[in-house]
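Understanding the architecture of this molecule
Here is how the chains run, residue by residue.
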Amino acid sequence: QGPFVESGGGLVQAGGSLRLSCAASGRTFSNYAMGWFRQGPGKEREFVAAITRSGILTNYMNSVNGRFTISRDNAKNTVYLQMNSLKPENTAVYYCAAANHWTTATSGYTKWGQGTQVTVSS
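Residues numbered from 1 in each chain as written. Predicted model: local features only at pLDDT ≥ 70, side-chain atom pairs only at ≥ 80, totals over all residues. Heavy atoms only, no water.

Judged by nonpolar contacts, the single largest core of 34 residues is most densely connected at M34, W36, V48, V79, L81, M83 and Y94. Here this core takes 6 residues from strand β9 (residues 92-99), the largest share from any one element. Other than its neighbours up to four places away in sequence, M34 contacts F4, C22, F29, A49, A50, I51, I70, R72, V79, A97, A98 and Y109. (Core = buried A, V, L, I, M, F, W, Y, C linked by side-chain atoms within 4.5 Å. Buried < 20%, exposed > 50% of the residue type's maximum accessible area, 1.4 Å probe, protein only. Helix = DSSP H or I, 4+ residues; strand = E, 2+ residues; numbered from the N terminus. Contact = heavy atoms within 4.5 Å.)

What follows is about the pattern of salt bridges. The full count for this structure, using the stated rule, is 1 salt bridge. Salt-bridge contacts for E46 lead to R38; the nearest nitrogen and oxygen are separated by 2.8 Å. The exposure class of E46 is partly exposed, given its relative accessible area of 33%. (Salt bridge = Lys/Arg side-chain N within 4 Å of Asp/Glu carboxyl O.)

So, on to the sheet that holds strand β1 (residues 4-7). The strand order β1-β3-β8-β7 describes an open sheet built from 4 strands, whose pairing is antiparallel. With partners counted over all chains shown, the strands left at the sheet margins are β1 and β7 (68-73), one partner each. Each strand of the sheet is rotated relative to its neighbour by a mean of 15 degrees, with strand direction disregarded. Judged from the 6 bridges that link them, strand β3 (residues 18-24) and strand β8 (residues 78-83) form a sheet pairing that is antiparallel. Considered in β8, the bridge of L18 is made with M83. (Pairing = 2+ DSSP bridges. Axes fitted to C-alpha atoms, helices over the stretch in contact; angles between N-to-C directions.)

Now the structure itself:
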């Protein structure tokens, strides 16, 4: 397996909620900015949310702002994505990833999880 183990994906009806978790191996978790990305069928991976090393500052893509919340617990080597008011358009494989410096660009992330499927039905 890779450096991250993701969980929390599944099936949910529109308007429902899911909480994704990403547990990191190794002992350098707090040295990295963390991000969540997603990829739907036939689409490129796109940025969803990011959080700084300290966890104080966060950034979101416009379409999820106000509905999704990224957080981290460095003592537990875990980053989370709380997703509320889910829409069918949010159906995708969601990936967590680590970057040496905060960025929204896919190319800036050097360590990736295997992804977890989120499916939202109407």
